Amino acid sequence: QSTECVHGRVYYSDPAEPNAWQVFNFRDVGRERGETIQCMEGYKDTLFIGTNKGLHIIVDAIRFGAGDAVGTYIVSPISDSVGCDSDWSMVNVEGVLYWHYNNSVYSWDGESLKNVGFPIHGLLTPFAGKADYYAVYSVVNIPYKEIWFFINKNGGTYPETVYIYNYAVGKWSVMNDGE
């Protein structure tokens, strides 16, 4: 049995045997387009997956109306033009997912994909490669209804810039190092 990592592949266990991982219990996510998984989040009764090139959800085939066997899952695409840069940038706030991708911030509420970062598009740092995986991370400031996206543009120990999104009113603010 191979221990090779297969990019774009998600393995799952049988619901009747949650501790047994069968070699054939998997779903490929975007592998035909050369996608690699960058982030995953359990979302409602699905698994939300962001790759370097797209977004997908894995759903129970019975609930999706595409099967009748318990433990059968299907991959359903959300977008083939928006992906995810880093698992560290994703947060779930009041049933809405937010994350960084390609110089912007996106949201998904289970129905619609939105570019909420459009007002600051271009200010957010793009990823240069795998070495920048930790360059963007986020936290939720619940009392103020804010998501803070920490950007480490120059590879230092501390972020140089924090982009703050108030999700209650849909407004952005910026805090630079030293403020």
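Attention here is on the structure that accompanies the text. These numbers were taken from a predicted model, which means no experiment stands behind them.

### Here's the deal with the sheet that holds strand β12 (residues 146-151)
Right, on to step 1. Strand order in this open sheet of 4 strands is β11-β12-β13-β14, and the pairing throughout is antiparallel. Of all the strands in the sheet, just β11 (136-141) and β14 (171-176) have a single pairing partner and so form its edges. Averaged over all neighbouring strand pairs, the angle between strand axes comes to 20°, with direction disregarded.
Right, on to step 2. Pairing between β11 and β12: 6 bridges, direction antiparallel. Within the sheet, the bridge partner assigned to Y137 lies in β12 and is F150.

### Brief notes about the nonpolar core
Right, on to step 1. Judged by nonpolar contacts, the single largest core of 15 residues is most densely connected at Y98, I147, F149, Y165 and W172.
Right, on to step 2. Of all the secondary structure elements, the ones that give two or more residues to this core are β7 (91-93), β8 (96-101), β12 and β13 (161-166).
Right, on to step 3. In terms of residue count, β12 provides more of this core than any other element does, 3 residues in total.
Right, on to step 4. Excluding its chain neighbours within four sequence positions, the residues that come into contact with I147 are V91, V93, Y98, S138, V139, Y163, I164, Y165 and Y167.
Right, on to step 5. If you look at the next biggest cluster of nonpolar residues, it comprises 14 residues, including C39, L55, L97 and W108.

Conventions adopted
What you see as residue numbers is a count from 1 along each chain, following the sequence as written. In keeping with the model being predicted, local features are shown solely for residues with a pLDDT of at least 70 and side-chain atom pairs are shown and tallied solely at 80 or more, while totals for entire chains, interfaces and linings include all residues. Excluded from the side-chain calculation are hydrogens and water; included are all heavy atoms of the structure. A pair of strands is treated as paired once DSSP finds two or more bridges between them. Strands here mean DSSP runs of E at least two residues long; helices mean DSSP runs of H or I at least four residues long; both are numbered from the N terminus. Orientation is described by lines fitted to C-alpha atoms, with helices fitted over the stretch in contact, and by angles between N-to-C directions that extend from 0 to 180 degrees. To form a nonpolar core, buried Ala, Val, Leu, Ile, Met, Phe, Trp, Tyr and Cys residues must be joined to one another through side-chain atoms within 4.5 Å. Throughout this description, buried means an accessible area under 20% of the type-specific maximum (1.4 Å probe, protein chains only), exposed means over 50%, and partly exposed covers the range between. Any two residues whose heavy atoms approach within 4.5 Å are treated as being in contact.

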